[in-house]
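# Notes for the structure review
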Amino acid sequence: MIYFNGCSYTYGIGTDTHDTVEGCLKYCYPTIAGNLLGKEVVNQSEPASSNQRIHRSTVRYLAENTPEAVCIMWSDALRMEVFKPGLFKRGFDSGISQITPQNTNSIKDFYLREAIEGYYGFVLSQAKAALDTLVYMASIQELCEAKGIPLVQMQYKPNLERYIRHLLDTKSDTREDKLLVEQINFYINYFDKRDHTYGYKKGDMLSFETLRKDNHLPNSLYSLGHPGREAHEFMGKWFSDYLKEHDLIS
Amino acid sequence: MILLVNGCSFSYGDELPDVNKRYSTYLGKYLNLDVKNIAWPGSSNERIWRTTKAALYEITDISKVFVMWSDLARVENVHLEANMATYHVSPNYVKETNNPLYDENGKFILNDPFFQFSPARLDTMPWKVLKSEYEDYYSKIYNTETGISKTFFYMYDILMTCKILNIDYYQAFFHEGNRYAIDKTFNQFNMNVKGSRLQRVKDYYNKYLQLFKGNQRIGFDGSSFTFNEFVTENKLDRMPHGHPGPKAHKAYAKYLFDNFMR
């Protein structure tokens, strides 16, 4: 059995006319990879997921299960989660709402929307968001290594690469900036010593979105901004080939 | 073998004349273990989780872990714009207290880029705009349900990591305020008003709570003391800013050893 987690890109949003649960599950890349490999698939992705949620649900799953391989497609580092039932039309998990900088316009409460815009504008920084994602990636890496489970980690878009590139290009020589660069380099060195992790350092652009663009695959007809069915078929084959070529599954 | 200890100022031994006279040192002697104390004053539970996880994977000879969780509402962030080097206290204060958290000019010394913050420190923040945004964060975005959900996930993650690595795990609350916050969040009035929405969080919280044994619930339910309660109940010494004093640290280590870690 192969375990997948991620955001809407892994859930399959855009692969079906009305993004039905059944349709997305049928056409998303994890299902396609599972079919090509002849393996059962557990897909715990959810649309709009923050990396906090992806990390949290992956840890919970791996604490009780030992799949043959784990594939994580990380989302945008700036997303966050808070307990706000009814914040949007749809809530996930224990009423823990997933908030992205792009969906703040959909927040019903004016004052909360203002506060979240202020949070993104002044409190949360790219530095914090990028470091959080690197911490989550290392946490899952260590968990899989301790349990002897092969792990592939990549990004839905090359956003993490961009944040890290910007942060490492900081010319400031304050003590805080040096500490930040030191911390980022710690994680880059950490992942450099490991295989099958992508999109964590400057110039490492591999992601679902870059693969889609490089291979001239169209976005969804139903949900603009998400990969279409052809892109999911490509990604499913990519994961299937990757796992086989690197002997990550039997 | 090593006893790994993490927490906030209570575990760091803030204000103690000699930081080596903190409870972790005595606990190490009782248990006959070397001690690695990675606590830091003002810590959020996010920092405690992050650094405990890193230590668990970096240090190979840990046999026991003791985590004293901090206030649910604390957060950590990275603020490059608001340069933390400008965050300082009077050099006289440093001279008087010999506080190792500040250099001789009163500048706050960070050991990583993360800045630990809590609602209690809102008034000390020197940057007006950032202060205003943090006020909005605590009044409109953050809620105790989020703090409980996050902290109990951190606890669960460390429990599971210790289990996989075959390490004994112990945990406590530093202050009974956490217990009050949890009780208040799930009291009958709130359950009636918020109904199924709150029930989902309570179920989530209970799912994690039932995994913790007695020595992983120290100060959680009133049958045992938080460090702060222990000092109050036994009328032990406190430092000028309220942190436990040298005698309190020594007695608390014995309390932990006799009741939970022997």
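Residue positions are counted from 1 within each chain, in the order its sequence is given. Starting at A for chains and at 1 for ligands, labels are handed out in the order in which the entities are written. Local features in a predicted model are, by the rule used here, given only for residues with pLDDT of at least 70; side-chain atom pairs are given and counted only at 80 or more, and totals for whole chains, interfaces and linings are based on all residues.

### Brief notes about the interface of chain B and chain A
Placing C-beta atoms from the backbone, we regard two residues as in contact once those atoms come within 7 Å. Between chain B and chain A, the contact holds 34 residues from the first and 34 residues from the second. All amino acids are sorted into three groups, where Ala, Val, Leu, Ile, Met, Phe, Trp, Tyr, Cys and Pro are nonpolar, Asp, Glu, Lys and Arg are charged, and the leftover types, Gly among them, are polar. Taken together, the residues of the side of chain B that touches chain A sort by class into 18 nonpolar, six polar and ten charged.

### Considerations on helix α4 (residues 51-64) of chain A
Each helix corresponds to a stretch of at least 4 residues labelled H or I by DSSP, and each strand to a stretch of at least 2 residues labelled E; elements are numbered beginning at the N terminus. How far a helix is expected to stretch is found by multiplying one less than its residue total by 1.5 Å. In this model α4 of chain A runs 20 Å from its N-terminal to its C-terminal C-alpha over 14 residues, within 8% of the 20 Å that 1.5 Å per residue would give. Using C-beta atoms placed from the backbone, we call a residue buried if 20 or more other C-beta atoms fall within 10 Å of its own, exposed if 12 or fewer do, and partly exposed for counts in between. Along α4 of chain A, the residues classified as buried are N51, Q52, R53, I54, H55, R56, T58 and L62 of chain A. Summarising the contacts, the buried residues of α4 of chain A are in contact with β1 (2-5), β3 (69-74), β4 (80-83), β5 (96-99) and α6 (126-147) of chain A together with α6 (144-165) of chain B.

### Digging into the domain arrangement of chain B
Residue and element names in this part refer to chain B. Domain start and stop positions are those given by an automatic or database domain assignment. For chain B, the domain assignment lists domain 1 (2-75 + 145-261) and domain 2 (77-141). Computed over C-alpha atoms only, the centres of domain 1 and domain 2 are separated by 23 Å. The interface of domain 1 with domain 2 comprises eleven residues on the first partner and nine residues on the second. For the side of domain 1 that touches domain 2, the class distribution of residues is five nonpolar, three polar and three charged.

### A closer look at the sheet that holds strand β1 (residues 2-6) of chain B
Backbone hydrogen bonds hold the strands of a sheet together, and the pairing may be parallel or antiparallel. Residue and element names in this part refer to chain B. Pairs of strands are assigned from DSSP output, requiring at least two bridges between the strands. Taken in spatial order, the four strands make up an open sheet running β2-β1-β3-β6, and their pairing is parallel. Either end of the sheet is taken by a strand with one partner, and the two such strands are β2 (34-37) and β6 (168-173). On average, each strand axis in the sheet is tilted by 15° relative to the strand beside it, whichever way the strands run. Two elements, β1 and strand β3 (residues 62-69), share five bridges in a ladder whose sense is parallel. Opposite N6, over in β3, you have V67 as the bridge partner. What counts as an axis is a line fitted to C-alpha atoms, over the stretch in contact for a helix, and the angles between N-to-C directions run from 0 to 180 degrees. Running at roughly 175° to β3, helix α3 (residues 45-58) makes contact with β1, β2 and β3 of the sheet. Along the sheet, α6 makes contact with β3 and β6, crossing β6 at roughly 160°.

### Re the confidence of the model for chain B
Residue-level confidence of the predictor is summarised by pLDDT, bounded by 0 at the bottom and 100 at the top. Looking at chain B, the pLDDT average stands at 91 and 97% of residues meet or exceed 70. Here the predicted complex carries an ipTM of 0.89, next to a pTM of 0.92.

### Comments concerning the environment of E133 of chain B
Along the chain, the position of E133 of chain B falls in helix α5 (residues 128-141). A tally of 22 C-beta atoms within 10 Å means that E133 of chain B is categorised as buried. Ignoring sequence-local partners within four residues, the contact set of E133 of chain B consists of G118, Y119, F122 and V123 of chain A.

### Quick word on the nonpolar core
Connectivity within a nonpolar core runs through C-beta atoms within 7 Å, and the core itself is a set of buried Ala, Val, Leu, Ile, Met, Phe, Trp, Tyr and Cys residues. Counting residues in hydrophobic clusters, the biggest one holds 124 residues, and the most contacted among them are C71 and A130 of chain A together with V65, M68, I158 and F227 of chain B. Looking at this core, the element that brings in the most residues is α6 of chain A, giving eleven residues. Beyond its immediate stretch of four places on either side in the chain, V65 of chain B contacts L4, T52, C162, I167, Y169 and Y170 of chain B.

### A word on the pairing of β1 of chain A
Residue and element names in this part refer to chain A. The alternating pattern of β1 places I2 and F4 on one face and Y3 and N5 on the opposite face, and all of these are buried. Bridge analysis of β1 against β3 gives four bridges, and the strand direction is parallel. What sits directly across from F4, in β3, is C71.

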